[in-house]
Amino acid sequence: DDRAGVLFVRAIPGEQLGVLQTGRLVADVGQIADRYGVGHRIEVAHLVVLDPPAFVKSKKDLAAGLRGYEKLVRLAAPLLKENAVLMLASCSHNVALSDLIEAASHGLRKALPANRSTKLIRSFGASFDHPVHPMLKESEYLKSITFVV
């Protein structure tokens with residue numbers, strides 16, 4: 001099928017990670033991994049958007065939250081067709097952009113064959129309607145990274 005597959009993955013607190021395709025719940029990311037096996041190439045999407053809730057609500061949650069971002073990317077990576085785009089968002093002010101990039105990169109390396117290249121093509125924060133106060137680091141909580149895989 002040559003149609004462009006777009007999957008939107010959103011984790012809702014207290015619920016499982018879901019894969020949404022054009023607004024409909026298609027499958028749970030964990031169910032996909034169970035059915036096909038972690039690391040199995042499914043390759044159905046040209047674009048996957050990962051938009052989890054705040055995984056790191058306090059500094060003590062940082063290590064576990066970064067592992068959560070890594071796992072989310074690792075589970076979503078098999079869905080990506082060749083030269084697909086993977087976007088990962090974070091709304092955790094305790095997560096530095098560099099840490100988010102590192103966690104996502106680890107997830108991609110664990111999930112993809114060694115010969116498959118990944119490129120970080122964009123990183124950005126909130127738009128102008130979410131201003132960052134220079135004296136309030138917590139206001140810089142929205143961030144997103146985009147890879148071509």
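In what follows, the accompanying structure is described.

Parameters and conventions
- Residues numbered from 1 in each chain as written.
- Predicted model: local features only at pLDDT ≥ 70, side-chain atom pairs only at ≥ 80, totals over all residues.
- Heavy atoms only, no water.
- Helix = DSSP H or I, 4+ residues; strand = E, 2+ residues; numbered from the N terminus.
- Expected span 1.5 Å × (residues − 1).
- Buried < 20%, exposed > 50% of the residue type's maximum accessible area, 1.4 Å probe, protein only.
- Contact = heavy atoms within 4.5 Å.
- Pairing = 2+ DSSP bridges.
- Right-handed = clockwise from strand over helix to strand, strands pointing away.
- Phe/Tyr/Trp six-rings, centres within 6.5 Å; stacked < 30°, edge-to-face > 60°.
- Salt bridge = Lys/Arg side-chain N within 4 Å of Asp/Glu carboxyl O.
- Core = buried A, V, L, I, M, F, W, Y, C linked by side-chain atoms within 4.5 Å.

Bringing helix α2 (residues 62-76) into the picture now. Structurally, the α-helix is built with 3.6 residues per turn, so residues lying three or four positions apart point the same way. If you check α2, its first and last C-alpha atoms are 21 Å apart, about what 15 residues at 1.5 Å a residue would give, namely 21 Å. Taken as a whole, α2 has its buried residues at Gly65, Leu66, Tyr69, Glu70, Leu72, Val73, Leu75 and Ala76.

Right, let's get into helix α3 (residues 97-111). Its 15 residues give α3 an end-to-end C-alpha distance of 21 Å, which sits within 8% of 21 Å, the value for a rise of 1.5 Å per residue. Residues of α3 that are buried in the fold lie against α2, β5 (80-90) and β7 (143-148).

Now for the pairing of β5. Bridge count between strand β4 (residues 45-50) and β5: five bridges; the pairing is parallel. Counted as the bridge partner of Ala45 is Leu80 from β5. Handedness of the β-α-β unit built from β4, α2 and β5 comes out right-handed. Sheet analysis places β5 next to β7, joined by six bridges and oriented antiparallel. By the bridge assignment for β7, Leu86 is matched with Phe147.

A few words now on the packing of aromatic side chains. The full count for this structure, using the stated rule, is one aromatic pair. Considering the side-chain rings of Phe55 and Tyr69, the 4.7 Å spacing of their centres and the 40 degrees angle between planes classify their relative orientation as tilted. Pair noted here: Phe55 is in the loop between β4 and α2 and Tyr69 is in helix α2, with a separation of 14 residues, a long-range link.

Looking now at the pattern of salt bridges. Evaluated as defined, the whole model comprises three salt bridges. In this structure, Lys60 and Asp61 form a salt bridge, with 3.3 Å as the shortest nitrogen-oxygen distance. Judged by its relative accessible area of 73%, Lys60 is exposed. Classification of Asp61 as partly exposed rests on a relative accessible area of 24%. Note that Glu70 is salt-bridged to Lys110, the shortest N-O span being 2.4 Å.

What follows covers unusual backbone geometry. Phi angles above zero are rare outside glycine, and Asn83 is one such case at about 60 degrees. Judged by its relative accessible area of 59%, Asn83 is exposed.

Glancing now at the nonpolar core. In terms of nonpolar packing, the biggest core is built from 25 residues, with Val48, Leu50, Leu86, Leu88 and Leu108 touching the most fellow members. Counting residues per element, the ones that place at least two in this core are β4, α2, β5, α3 and β7.

On to the pairing of β7, then. In terms of burial, β7 is a largely internal element, five of the six residues being buried. Pairing between strand β6 (residues 119-125) and β7: six bridges, direction antiparallel. Across the sheet, the residue bridging to Leu120 is Phe147, located in β7.

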